[in-house]
Amino acid sequence: MSQYWPFIIIGLFTGSIYGLAAMGVVLTYKTVGVFNFAYGAIAMFCAFTYWQLHDSWGLTAWVAMPILFLVVAPLLGIALEALYRPLTGLSAEVVIVVSVGVLAALEAIVPIIYGNEDRRLQAIFPTRTFVVGSHFHVGYDQLGTLVISLAVAALLWALLRHTRFGTSTRAAVDNPDLADMVGVHGDNVRRSAWILSTMFAALVGILISPSQGLDVNQLVLVVIYAFAPAVFGRLVSLPLAYIAAMVLGVVESLLSKYANSGTVANIEAAVPYLALFALLVIMGGRLKEAGASSRRLSLSTRGGGGSGGAGAVRTRHWVVRVLGWRLRLDRNLALGLGGFALALFIPLAVPGPRLIDITAAFVYGLIALTLVVLTGWAGQISLAQFSFVGVGAFTAGHLSGPHGQHFLLAVLVAMLVAAPLGILVGLPSLRLSGLYLALATLAFALVMDDIVFNRGDVSGGLTGITVPRPQIFGVSFSGRASLYELVVVVFGVVAVIAYVVRLGPIGRRLQIVRDSPLAASTLGVNLTVTKLVVFAVCGMVAALGGAFYGALQQAVTPFDFMWSTSLTLLLLVVLGGRSLISGAMIAGAVYGVQQLPIPASVNQYFPLAIALGVIALAQEPEGTVAQARREARRVMTVLRPLPRRSVGGVREIPMTSGPDVAIAAGSPPRGSGHGL
Amino acid sequence: MASETGWEEPVLRATDVTMRFGGLVALDDVSLEVPAGRIVGLIGPNGAGKTTMFNVLTGLLEPTRGRIDYLGENISRWPPHRRGRAGIARTFQRLALFSRLSVHDNLVASWESSHPGAVLGRSRAKRIERVAEVMGLLDLWPVADRMAGGLSTGKGRMVELGRALCTDPRVLLLDEPGSGLDANETAAFSAVLQAVVSGRGDRHPDVAPPAILMVEHDMALVMDVCSSLTVLDFGRVIARGTPSQVRADANVRAAYLGDASAV
Ligand SMILES: Nc1ncnc2c1ncn2[C@@H]1O[C@H](COP(=O)(O)OP(=O)(O)OP(=O)(O)O)[C@@H](O)[C@H]1O
Ligand SMILES: [Mg+2]
């Protein structure tokens with residue numbers, strides 16, 4: 001037994017930090033309805049700030065701590081509250097996108113403010129150990145952390161139990177309108193919750209950094225460990241979350257005892273993610289999203305005006321519209337095909353090295369397209385799309401043969417492997433949506449990182465493996481230009497298929513599953529089949545993209561497909577426009593631009609700009625495209641010579657005959673109960 | 001309340017349905033029948049369990065106890081989509097439109113969802129015909145190209161009705177179709193409903209007019225169109241019968257206390 005104690009103690013130490021993080025996450029979710037994906041990034045930001053104050057500027061802890069906890073954290077909390085306040089009542093998807101945006105923004109800001117050099121944060125407790133019993137050592141820092149964590153947890157618990165803040169917290173979640181009516185100031189409650197939660201993050205940051213290292217990505221990842229316990233407490237119970245975090249810490253630590261013994265290599269690192277995935281699948285239907293009932297039904301509140309983009313199509317007579325989908329060559333498709341034809345000639349105009357970047361943009365666009373279909377059309381959020389890309393790339397690397405002569409075979413195998421994986425990721429979607437689905441896919445991506453891509457026989461470990469350029473039916477695509485043409489053709493074919501499918505019955509089916517799954521199911525849509533098929537197909541195409549990704553880079557490592565790459569993909573797709581094929585192309589283009597040889601001093605601002613753009617455009621399903629269209633329309637109205645009646649094509653269908661009341665979606669006058 | 005003909009099997013029948021949410025008994029041993037060719041009303045105060053009953057009938061909720069029969073077959077274990085395909089259609093009290101599709105596409109998608117093989121592009125001619133017919137019946141052409149999410153409640157309810165009709169239902173469950181409608185819309189709606197049940201306005205010979213089960217707070221509308229009523233209160237059936245019988249019932253008056261003057 002005694003050989004387990006050291007591991008249990010380490011486990012309690014890390015568990016107590018996870019516990020704090022879990023409580024911080026639960027606090028904002030239960031009070032404000034925001035699941036804070038950026039929690040780790042906030043902890044990280046606070047840790048860096050503390051490093052700056054304490055280690056760099058040499059302030060004593062007695063000065064640095066109050067600055068951190070009483071100035072920096074509250075200000076950050078207030079800023080976050082202000083950021084999320086306008087999003088109250090919007091769909092889970094928007095809130096997730098914004099919080100991933102905040103994560104990316106903080107990750108981008110830290111190197112800009114604090115620089116890139118390596119640094120360590122001094123432990124706030126002495127690192128000496130004392131001996132308990134006969135022979136095992138306990139660090140003062142471990143004990144200190146445990147004590148602080150327990151004390152703070154108890155304090156929070158008491159606060160929620162015995163103060164007005166606690167009761168108003170509950171009132172605010174259950175029914176914000178009612179809470180306002182009975183005089184609870186919802187705004188104050190929300191702000192207090194954000195401040196408290198941010199202070200917890202700061203504490204997590206400075207407690208964990210000394211042992212984990214002050215590294216942007218590492219800290220974010222560690223806090224993701226806390227998501228599993230938070231979900232265990234169903235995102236509402238603080239004590240459950242805290243206890244589960246302790247248990248998780250201990251289990252993980254005990255497993256690490258065996259980790260080095262061979263077969264189960266790295267399994268302990270994946271435990272929290274496996275736990276998260278399993279919890280979500282098992283608890284499935286019983287998980288309810290906070291405030292879901294008070295949520296507006298759709299996000300297209302701007303309806304009518306903004307989204308009449310396919311104007312040319314929509315104004316046609318219905319017969320043409322209904323009959324024509326198979327043969328239609330509408331304006332969008334014509335534009336697309338024109339662009340495609342032009343794209344084929346790019347190699348004539350662009351020097352070699354840049355051509356690779358453009359090819360990369362198309363490959364990325366292809367991958368982005370799968371997320372457009374999955375998230376933008378079918379409404380299934382995925383934070384794991386790059387795991388499929390990884391499957392494609394590694395399979396291509398292993399099976400293509402030395403000269404890429406088996407490339408087609410490798411692609412086929414990769415897609416066959418991706419399909420069941422897609423179904424596996426899709427499984428949680430049968431019972432979960434929105435936030436919980438996002439968490440499940442994130443867990444999946446992390447599991448793939450830790451137990452698949454980390455294996456030497458899969459990925460070649462840190463050094464990665466090489467992937468040859470493809471050779472198809474004896475034709476070699478090893479030259480830059482030929483590879484480019486191949487990629488563009490593949491992208492074009494997939495995009496046209498997607499476009500045609502979208503306008504047809506399958507596209508409609510995906511969109512009705514997105515807009516109202518319940519209504520769709522009562523009309524006869526088998527949600528299970530629909531969701532699993534779309535996850536599988538999108539996974540397969542992402543794997544196809546992965547094979548080209550590998551062939552283009554010629555060497556891939558696990559880092560290329562790390563969980564965070566999937567988050568970046570989501571951000572770029574939202575930025576471009578998640579419901580449009582052109583949105584995927586913009587995502588690819590933005591990615592391509594980042595590949596260009598731009599000085600790092602400039603390049604480091606790109607991620608920040610992207611993150612801020614995403615936060616601004618999160619509510620707009622057509623992202624930049626819609627924005628650009630609005631701007632263009634504004635310019636056009638100014639430039640238009642004379643105000644004529646019925647400009648831009650005669651509508652064949654007259655507008656409403658009755659009173660034309662276009663109330664914004666989601667705010668219909670509720671039914672009034674008339675007496676009998 | 002067997003149908004008048006006595007020997008005819010009702011289209012839809014619920015037997016002793018109980019639904020608990022934790023400690024709350026939303027439905028307590030509720031039975032009801034919807035005979036072919038009739039409009040049956042399901043009424044009761046707020047929170048009585050009417051919507052819950054609809055959710056149980058359409059399979060969105062699995063009842064704690066009880067059984068559902070449809071055309072003489074026990075469908076208690078059927079998933080929602082199977083019931084939808086078999087001919088049970090519904091509308092939602094809280095509009096559940098496909099908000100980012102056009103009105104026309106809402107109906108088309110509905111037809112495609114309920115007809116096997118349609119998602120692969122089969123039987124398009126039939127689809128076009130049927131959808132056009134329903135669009136005409138409900139006077140939806142003027143808004144055919146509008147995004148459903150931007151419609152007024154009145155039009156939205158019409159779209160939901162149209163969507164339900166496109167599945168060629170044998171029984172139609174309407175959850176407060178009159179709420180949020182103005183007087184003109186209500187009158188138009190009542191006329192449409194009559195037309196639907198009588199089969200007028202439906203040129204389709206192969207589609208029998210559906211029976212209707214309707215939840216509605218607007219008593220004028222209920223009295224106008226329903227041939228029989230079931231009254232729920234706190235999950236229990238407190239009265240049933242023809243509209244005039246129900247109107248005279250003492251239990252019902254008590255349940256609607258305070259609103260009794262509105263009778
Ligand atoms: N999914 C659910 N979980 C928990 N309770 C529920 C659920 N659905 C309904 N209820 C509860 O069941 C009871 C009946 O609700 P229901 O919506 O069926 O009433 P209703 O008769 O349709 O009322 P209204 O006229 O307001 O529409 C209510 O107390 C409601 O809060
Ligand atoms: Mg109801």
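Residues numbered from 1 in each chain as written. Chains lettered and ligands numbered in written order. Predicted model: local features only at pLDDT ≥ 70, side-chain atom pairs only at ≥ 80, totals over all residues. Heavy atoms only, no water.

Caption draft 1: The arrangement of the coordination of the magnesium ion (ligand 2) in detail. Residue and element names in this part refer to chain B. Here the magnesium ion (ligand 2) is held by the protein donor atoms Thr51 (OG1) and Gln93 (OE1), which lie 1.9 to 2.1 Å from it. Taken together, the residues span a long stretch of sequence, with Thr51 in helix H1 (residues 50–58) and Gln93 in the loop between strand E6 (88–90) and helix H3 (103–114) at a distance of 42 residues. Given a relative accessible area of 26%, Thr51 falls into the partly exposed group. In this structure Gln93 comes out as partly exposed when scored by relative accessible area, which is 25%. (Donors = N, O, S within 2.8 Å, 3.2 Å for Na, K, Ca; no water. Helix = DSSP H or I, 4+ residues; strand = E, 2+ residues; numbered from the N terminus. Buried < 20%, exposed > 50% of the residue type's maximum accessible area, 1.4 Å probe, protein only.)

Caption draft 2: Structural context of the sheet that holds strand E1 (residues 12–21) of chain B. Residues and elements named next belong to chain B. Pairing is antiparallel across the open sheet formed by 4 strands, whose spatial order is E2-E1-E4-E5. The open sheet is flanked by strand E2 (24–34) and strand E5 (73–74), the only strands paired with a single partner. In terms of strand pairing, E1 meets strand E4 (residues 65–70) through 5 bridges, oriented antiparallel. Bridge pairing links Leu12 to Tyr70 in E4. H1 rests against E1, E2 and E4 of the sheet, and its axis sits at about 115 degrees to E1. (Pairing = 2+ DSSP bridges. Contact = heavy atoms within 4.5 Å. Axes fitted to C-alpha atoms, helices over the stretch in contact; angles between N-to-C directions.)

Caption draft 3: The arrangement of the side chain of Asn55(B) in detail. Turning to its location among the elements, Asn55(B) is positioned in helix H1. Residue Asn55(B) is classed as buried on the basis of its relative accessible area, which comes to 18%.

Caption draft 4: Just the site of ligand 1, in detail. Residue and element names in this part refer to chain B. Around ligand 1 sit 13 residues in total, of which Gly47, Lys50, Thr51, Thr52 and Gln93 are the nearest. Here an oxygen atom of ligand 1 and a side-chain polar atom of His217 are 3.1 Å apart. Summarising the interface, the protein chains cover 65% of the accessible area of ligand 1, which totals 640 Å² for the free molecule. Per-element tally for the shell around ligand 1: the top contributor is H1, with 3 residues. Split by residue class, the shell around ligand 1 holds 4 nonpolar, 7 polar and 2 charged. (Near = heavy atom within 4 Å. Polar contact = N/O pair within 3.5 Å; in protein donor to acceptor, adjacent residues only side chain to side chain. Areas by Shrake-Rupley, 256 points an atom, 1.4 Å probe, with all protein chains shown as cover. Nonpolar A, V, L, I, M, F, W, Y, C, P; charged D, E, K, R; others polar.)

Caption draft 5: Quick peek at the domain arrangement of chain A. Residues and elements named next belong to chain A. As assigned here, chain A comprises domain 1 (5–294) and domain 2 (335–595). On a C-alpha basis, the centres of domain 1 and domain 2 stand 32 Å from each other. Of the residues lining the interface, 35 residues belong to domain 1; the matching set on domain 2 comes to 28 residues. In total, about 2,800 Å² of surface goes out of reach between domain 1 and domain 2, with carbon and sulfur atoms giving 78% of it. Between Glu93 and Arg578 there is a salt bridge, with the nearest N and O atoms lying 2.7 Å from each other. Where domain 1 touches domain 2, the interface holds 2 residue pairs in polar contact (both at pLDDT 80 or more). (Domains from an automatic or database assignment. Buried area = accessible area lost by both parts, 1.4 Å probe. Salt bridge = Lys/Arg side-chain N within 4 Å of Asp/Glu carboxyl O.)

Caption draft 6: Region of the structure containing the pairing of E1(B). Residues and elements named next belong to chain B. In this sheet, E2 lies alongside E1 in antiparallel orientation, the contact comprising 7 bridges. Each bridged residue has a counterpart across the sheet, and for Phe21 the counterpart in E2 is Leu24. The turn joining E1 and E2, which pair antiparallel and follow one another in sequence, is formed by 2 residues; a positive phi near 60 degrees is taken by Gly22.

Caption draft 7: Main features of the side chain of Lys50(B). All names here are of chain B. Residue placement: Lys50 occurs in helix H1. Notably, Lys50 is buried but unbridged: the nearest opposite-charge side chain belongs to Glu176, and the N-O separation is 4.6 Å. Among the polar contacts listed, one links the side chain of Lys50 to the backbone oxygen of Gly44, at a separation of 2.9 Å. Beyond its immediate sequence surroundings of up to four residues, Lys50 is in contact with Leu42, Ile43, Gly44, Pro45, Glu176, Val215, His217 and Leu232. (Lys, Arg positive; Asp, Glu negative; His and termini not counted.)

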